[in-house]
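# Breakdown of the fold
Listed here are the chains, written in short residue letters.
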Amino acid sequence: MIKTVYFNKAENCLEVIDQTLLPTKEEIVKCHTELDVANCIVGMKVRGAPAIGVTAAYGIYLGLVNKKNLETKPTLEGLLEQVCDLLAGTRPTAVNLFWAINRVRKAVLDLHTGDLGEAAKKALSEADSILEEDLAMCRAIGRFGQEVINDGETWLTHCNAGALATAGYGSALGVFRAAKEAGKDIAIFADETRPLLQGARLTAWELMKDGFDVTVIADNMAGSLIREEKVQGVIVGADRITSKGFVANKIGTYSLAVLCKYNGLPFYVAAPESTFDMTLKYDEDIVIEERNGDEIRSFNGQQIVPEGVKVYNPAFDITPPELITGIITDKGIIEPIFGENIPKVLGKKEN
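The present account deals with the structure reproduced in this document. Keep in mind it's a predicted model, so treat the numbers as computed, not measured.

### Let's talk about the packing of helix H2 (residues 49-65) against helix H5 (residues 95-109)
Across the interface, H2 lies against H5 with an axial gap of 7 Å and an inter-helix angle of 30°. With respect to H5, the axis of H2 lies roughly parallel. Crossing of H2 against H5: the hand is right-handed. Taken together, the residues of H5 that come into contact with H2 (itself represented by Ala49, Pro50, Ile52, Gly53, Ala56, Ala57 and Ile60) are Asn96, Leu97, Ala100, Ile101 and Val104.

### What to know about unusual backbone geometry
The omega torsion across Arg194 and Pro195 is 5°, close enough to zero to call that bond cis. One non-glycine residue, Tyr169, lies in the positive phi region at around 75°. As for its position among the elements, Tyr169 is in the loop between strand S4 (154-157) and helix H7 (172-181). At Glu229, a position not held by glycine, the phi torsion is positive, near 60°. Looking at where Glu229 falls in the secondary structure, it is placed in the loop between helix H9 (222-227) and strand S7 (233-236). Given the relative accessible area of 66%, Glu229 is considered exposed.

### Re the nonpolar core
Side chains of nonpolar character tend, in soluble globular proteins, to be buried together. Counting 42 residues, the largest nonpolar core has Leu14, Tyr58, Ile60 and Leu64 as the members making the most contacts within it. For this core, the secondary structure elements donating two or more residues are strand S1 (5-8), strand S2 (13-17), strand S3 (28-31), helix H1 (34-42), H2, helix H4 (76-88), H5 and helix H6 (116-145). Ranked by the residues each element gives to this core, the list is headed by H2, at 10 residues. In contact with Leu14, other than residues within four places in its own chain, are Val5, Tyr6, Phe7, Val29, Lys30, Cys31, Val37, Thr55, Tyr58 and Leu62. Ile217, Ala222, Ile241 and Ile327 belong to the second-largest nonpolar core, a separate cluster that totals 28 residues.

### Structural notes on helix H10 (residues 253-263)
Among all positions of H10, only Thr253, Leu256, Ala257 and Cys260 are buried. Projected down its long axis, H10 carries its buried residues within an arc of 100°, all on one side.

### Side note on the pattern of salt bridges
Under the definition given, this model contains 17 salt bridges. Between Arg105 and Glu81 there is a salt bridge whose closest N-O contact spans 3.0 Å. Of this pair, Arg105 sits in helix H5 while Glu81 sits in helix H4; the two residues are 24 residues apart in sequence, bridging distant segments of the chain. Across the pair Glu289 and Arg91 runs a salt bridge whose closest N-O atoms are separated by 2.8 Å. Of this pair, Glu289 sits in the loop between strand S11 (276-277) and helix H11 (294-297) while Arg91 is found in the loop between H4 and H5, placing the two residues 198 residues apart along the sequence. Taken as a pair, Glu289 and Arg91 share a single burial class, namely buried. Put simply, Arg91, Glu289, Arg291 and Glu295 are held in one network by salt bridges that share partners.

### Structural notes on the environment of Gly308
Mapped onto the fold, Gly308 is located in the loop between strand S13 (302-303) and strand S14 (316-319). According to the relative accessible area criterion, Gly308 is exposed, its value standing at 72%.

### Considering the packing of aromatic side chains
Using the criterion set out here, one finds four aromatic pairs in the structure. Between Phe7 and Tyr58, the aromatic rings sit 5.2 Å apart at their centres with planes inclined by 10°, giving stacked as the arrangement. Note that Phe7 is positioned in strand S1 and Tyr58 in helix H2, a separation of 51 residues in sequence. A single burial state applies to Phe7 and to Tyr58, both of which are buried. Ring geometry for Trp155 and Tyr268: centres 6.4 Å apart, planes at 35°, overall tilted. Taken together, the residues Trp155 in strand S4 and Tyr268 in strand S10 (residues 267-270) connect sequence positions 113 residues apart. Each residue in the set Phe7, Tyr58 and Tyr61 is aromatic and connected to the rest through ring pairs, giving one cluster. Between the NZ or CZ atom of Lys180 and the centre of the ring of Phe212, over which it lies, the distance is 4.8 Å. Here the guanidinium or amino end of Lys250 rests over the ring plane of Phe316, the centre of that ring lying 4.9 Å away.

About the cut-offs
- Position numbers for residues count from 1 along each chain, tracking the sequence in the order it is written.
- Local features in a predicted model are, by the rule used here, given only for residues with pLDDT of at least 70; side-chain atom pairs are given and counted only at 80 or more, and totals for whole chains, interfaces and linings are based on all residues.
- The basis for every side-chain value is the complete set of non-hydrogen atoms in the structure, without hydrogens or water.
- Lines fitted to the C-alpha atoms define the axes, with helices restricted to the stretch that makes contact. Angles between their N-to-C directions range from 0 to 180 degrees.
- Note on conventions: DSSP H or I runs of at least 4 residues are helices, E runs of at least 2 residues are strands, and numbering of each starts at the N terminus.
- With respect to orientation, any angle under 35 degrees is reported as roughly parallel, any angle over 145 as roughly antiparallel, any angle of 65 to 115 as roughly perpendicular, and every other angle as oblique.
- Handedness of a crossing is defined here by the sense of rotation of the near helix relative to the far one, left-handed for an anticlockwise turn of less than a right angle and right-handed for a clockwise turn.
- Here, residues are in contact when the closest pair of their heavy atoms is within 4.5 Å.
- Exposure categories follow from relative accessible area, calculated using a 1.4 Å probe and restricted to protein chains: below 20% of the type maximum is buried, above 50% is exposed, and the middle band is partly exposed.
- Nonpolar cores are built from buried Ala, Val, Leu, Ile, Met, Phe, Trp, Tyr and Cys residues. Side-chain atoms within 4.5 Å join them into one set.
- By construction, the arc corresponds to the directions joining the helix axis to the C-beta atoms.
- Basic side-chain nitrogens of Lys or Arg form a salt bridge, by our definition, when they fall within 4 Å of a carboxyl oxygen of Asp or Glu.
- By convention, a stacked pair of Phe, Tyr or Trp rings (six-membered ring in the case of Trp) has centres within 6.5 Å and planes under 30 degrees apart, an edge-to-face pair has planes over 60 apart, and any other such pair is tilted.
- Here, a charge over a ring means that NZ of Lys or CZ of Arg falls within 6 Å of the ring centre while also lying within 35 degrees of the ring normal.

Everything listed here is a matter of coordinates, which is why it stays silent on function.
Structure (structure tokens):
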């Protein structure tokens, strides 16, 4: 299985696959400090909400053992907040980032110790647990989700919600993997996902490696594909889901949900429990990251937008619950999404 994030204890460093180089190069980036981790997240060498959370968790440990940080003889509380603030400032939309940071912070502070060595050991142990739990959650998502797919069907997915976006196995792609493991013969269409082409570069790469029948299409072909009944449904991942079922995911997700609703096709979101933000009910408080316009202005180093033309580049959009057939989680499928179903299935209260 693809190891998106791996802690090399022999070298005391975090190893991540550089996703900006895929599919033509498979290179590992070694992170020795919290700044290395932060740069990997900002530069999208690692991406996908669960994978970002796992990576940040290990980043806290690396910050607590960073010799440069220790030279100033900091207090545990001061250094911990410094490292957590750095990592929390990397990307604003994916809630898993903040969930993982808060979880490691709490685990360290609950020790009630000022010993940095002891605190670092606890941070590493908690990061290991987050990684293992993410793998288990993705496999559970797959087990529940594969029930919605029938043998011989073709499904569409957007962006990358696979092993590369998680600790491994994947959320949306985990459903496809579980369907295949259950003996179902399925085919997948992958939207290319402009402007960074996560579908074309990453999803297609993953599925091809696993022997799937996968076909890449341009984003603007999805409507025609759905209208011509060439797909039986859509499954996507998520970066943040509110307690009322509003889903923030890669830009273009909302368009697919509208297309499915109009054409009577199932539209599912697959996400682990850690992607739910129970402090938010609706969509107005979700921060949508706007990325550098150069991602649209140029392609593969070649300018494609006229000089001086304005560019708008939001990384995510929000899909309301009335457009979603169900949310596939590690606790089961939430369907329908209205009322108290999300807190009920997850066993969580709205904050």
